[in-house]
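As a plain string of letters, each chain reads:
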Amino acid sequence: RVGGCGDASGMNSMRASQPGARIFVSMTARSQELGEAGERVAEAWLAQRGWRILDRRFRNGHRDLDLVAEREGQVAFVEVKARTGKEFGQPVEAVNWRKQRELARSASVWFARFGKAEQTFRFDVVGVLMDGGRVRVQHVENAFTVKATG
């Protein structure tokens, strides 16, 4: 979710005694923890601004939606990007066109299952930068739009 260590498919056969195996697991666990912490920060940020969290980590196959929030009939599908520093760019810059496509597909499934006719939706990105003891949040509303296909 946050950062990446490449494709893990070849790592399954690696034994812990092999060089690099523990490092990979440790980095993945650290990234997972950072992502979960970022999601908690984003959830609190949104709640303080009147958003009600409808879903957390909605899974659709291998894709997921970090947060689904609602305020005044508008549903926001929220992608959370957490970082510990700026060396990889701003967190919101990590939502490229492929990720946007995945989010749109998952949002379509969520909306078909749980959405209501009177609701509108949008895609937001919340960047959480945890730098030392400071936590900064950048909320980009309507971060991208999805073209209808048909």
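That block above? That's the structure.
Overview of the structure.

About the cut-offs
- Residues numbered from 1 in each chain as written.
- Predicted model: local features only at pLDDT ≥ 70, side-chain atom pairs only at ≥ 80, totals over all residues.
- Heavy atoms only, no water.
- Helix = DSSP H or I, 4+ residues; strand = E, 2+ residues; numbered from the N terminus.
- Buried < 20%, exposed > 50% of the residue type's maximum accessible area, 1.4 Å probe, protein only.
- Phe/Tyr/Trp six-rings, centres within 6.5 Å; stacked < 30°, edge-to-face > 60°.
- Lys NZ or Arg CZ within 6 Å of the ring centre and 35° of its normal.
- Core = buried A, V, L, I, M, F, W, Y, C linked by side-chain atoms within 4.5 Å.
- Contact = heavy atoms within 4.5 Å.
- Expected span 1.5 Å × (residues − 1).
- Polar contact = N/O pair within 3.5 Å; in protein donor to acceptor, adjacent residues only side chain to side chain.

Considerations on unusual backbone geometry
Thought 1: With phi around 50°, Glu72 is a residue other than glycine that occupies positive phi space.
Thought 2: Assignment of secondary structure puts Glu72 in the loop between strand 2 (63–71) and strand 3 (74–83).
Thought 3: In this structure, Asn142 takes a positive phi of about 50° despite not being glycine.
Thought 4: Taking relative accessible area as the criterion, Asn142 reaches 47% and is therefore assigned partly exposed.

Comments concerning the packing of aromatic side chains
Thought 1: Applying the stated criterion to the full structure yields eight aromatic pairs.
Thought 2: Their ring planes at 75° and their centres at 5.6 Å tell us that Phe77 and Trp110 sit as a pair that is edge-to-face. Taken as a pair, Phe77 in strand 3 and Trp110 in helix 2 (residues 97–114) lie far apart in primary sequence, 33 residues in all. Pair check on accessibility: Phe77 and Trp110 agree, each one buried.
Thought 3: On the numbers, 5.7 Å between centres and 35° between planes, the contact of Phe77 with Phe123 is tilted. With a gap of 46 residues between them, Phe77 in strand 3 and Phe123 in strand 4 (residues 120–131) connect regions that are remote in the sequence. In this structure, Phe77 and Phe123 share a single accessibility class: buried.
Thought 4: Taken together, the ring pairs in this structure connect Phe58, Phe77, Trp110, Phe111, Phe114, Phe121, Phe123 and Phe144 into an aromatic cluster.
Thought 5: Here the guanidinium or amino end of Arg49 rests over the ring plane of Trp45, the centre of that ring lying 3.4 Å away.

Quick notes on the nonpolar core
Thought 1: Formed by 15 residues in total, the largest nonpolar core has its most connected members in Leu46, Leu67, Val78, Val80, Val128 and Met130.
Thought 2: Elements with a contribution of two residues or more to this core: helix 1 (21–48), strand 2, strand 3 and strand 4.
Thought 3: Non-local contacts of Val78, meaning those with residues more than four positions away in its chain, are made with Leu46, Asp66, Leu67, Asp124 and Val126.
Thought 4: Ranked by size, the runner-up nonpolar core spans 13 residues in total, among them Leu65, Val75, Ala104 and Ala107.

Here we look at helix 2
Thought 1: Relative to the 26 Å expected for 18 residues at 1.5 Å per residue, helix 2 spans 25 Å between its end C-alpha atoms, a close match to the ideal helical length.
Thought 2: For helix 2, the set of buried residues is Lys99, Leu103, Ala104, Ser106, Ala107 and Trp110.
Thought 3: Contacts from the buried residues of helix 2 go to strand 1 (52–60), strand 2, strand 3, strand 4 and strand 5 (134–144).
Thought 4: Between the side-chain oxygen at the start of helix 2 and the backbone nitrogen of Arg98 there is a gap of 3.1 Å, and the oxygen is on Asn96.

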